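# Architecture at a glance
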Amino acid sequence: MGWFLVSIALPLIAPNILLMIFGFLPLPAKTQKLVKWAAPIKDGQLCWAAAGFCASGLYELSLAKEVVSGGTALPMGYVQSGLILLLVMSSFVAAGGAVFPTKLEVPSGARWYKHYKAMTASVAMTFFAGGAYTVVHFGAVLS
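Analysis parameters
Just so you know, the residues in each chain are numbered from 1, in the order the chain's sequence is written. Residue-level local features of this predicted model are given only where pLDDT is at least 70; pairs of side-chain atoms are given and counted only at 80 or more, and the full residue set underlies all totals for whole chains, interfaces and linings. To obtain the side-chain values, all non-hydrogen atoms of the structure were included, while hydrogens and water were left out. Secondary structure elements follow DSSP: runs of H or I of four or more residues count as helices, runs of E of two or more count as strands, with numbering from the N terminus. Note on exposure labels: buried denotes an accessible area under 20% of the residue type's maximum, exposed denotes more than 50%, and partly exposed covers the range between, all computed with a 1.4 Å probe on protein chains only. We call two residues in contact whenever any of their non-hydrogen atoms come within 4.5 Å of each other. Residue-level accessible areas treat just the shown protein chains as cover; the underlying method is Shrake-Rupley with a 1.4 Å probe. Counted as positive: Lys and Arg. Counted as negative: Asp and Glu, with His and the chain ends omitted from the count. Where a charge sits is defined by one atom per residue type, namely NZ (Lys), CZ (Arg), CG (Asp) or CD (Glu). Any N or O atom pair separated by 3.5 Å or less is treated as a polar contact, with the protein-specific requirement of one donor-capable and one acceptor-capable atom, and with residues adjacent in sequence counted only for side-chain atom pairs. In this description, strands pair whenever DSSP reports at least two bridges between them. One less than the residue count of a helix, multiplied by 1.5 Å, gives the span that helix is expected to have. The criterion for a disulfide is a pair of cysteine sulfur atoms lying within 2.5 Å. The rule for a salt bridge is simple: a side-chain nitrogen of Lys or Arg has to be within 4 Å of a carboxyl oxygen of Asp or Glu.

The subject of this paragraph is the overall build of the protein. Tallying secondary structure elements over the protein gives six helices and three strands in all. Traced from its N-terminal end to its C-terminal end, the protein shows the element sequence α-α-α-β-β-α-α-α-β. Over its C-alpha atoms, taken along the principal directions, the protein stretches across nearly 55 × 30 × 25 Å. A total of 143 residues make up the protein; the buried ones form 32% of that total. In the protein, the proportion of contacts linking residues at least 24 apart, taken out of those at least 6 apart, comes to 75%. Of the roughly 8900 Å² of accessible surface on the protein, a fraction of 72% belongs to carbon and sulfur atoms. Side-chain charges of the protein comprise 9 positive and 4 negative groups, with the mean position of each set lying 17 Å from the other.

Turning our eyes to something else, we now look at the side chain of D43. Along the polypeptide, D43 turns up in the loop between α2 (29-32) and α3 (46-63). You can call D43 buried: its relative accessible area is 8%. Polar side-chain contacts of D43 include one of 2.9 Å to the side chain of K42.

A separate point is the pairing of strand β1 (residues 64-69). Pairing analysis gives three bridges linking β1 to strand β2 (residues 72-74), with the strands arranged antiparallel. Bridge pairing in β2 places V67 opposite L74. Linkage of β1 to β2, two consecutive antiparallel strands, is achieved through a turn of two residues, within which G70 is found at a positive phi near 65°.

With 18 residues, α3 ought to run about 26 Å at 1.5 Å a step, and its terminal C-alpha atoms sit 26 Å apart, in line with that. Buried within α3 we find L46, C47, A49, A50, A51, F53, C54, G57, E60 and L61.

This part covers the state of the cysteines. Within this structure, the stated rule accounts for zero disulfides. With no disulfide of its own, C47 lies 9.4 Å from the sulfur of C54, the closest cysteine sulfur. On the basis of relative accessibility, which here comes to 0%, the residue C47 falls in the buried class.

Let us now look at the pattern of salt bridges. When their charged atoms lie close together, side chains carrying opposite charge are able to pair. Inspection of the entire model under this criterion finds one salt bridge. Between D43 and K42 there is a salt bridge, with its nearest N and O atoms 2.9 Å apart.

Structure below.
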């Protein structure tokens, strides 16, 4: 449980912990407007965590003899290919969000998940990358 909290949960909740701390500071009104839950992740920045999860999973796979999940061995090549594909996709979303930022305010009549496309994609990719890294970490049979 400690590994999961430190390796998966903390990188994902740290930005919101900082936002809560910033909420207590006497910031100017113009700056206070930017202290919202979506501000640190609206442009796909969670994909940097997903890239880290993928890289860590690939490192653990390089040390493993096999990966076992649910009592059956997973084909290592497919797991590595999936992690590499997810790493490349998340890098594109994270870099694209940095180059093409999304406005913080959702236009009237628009749905939030359509306005924040990079954030929605980054949440999904981070979820899959974190899950894959967890499966690799706990299923890797090290030699």
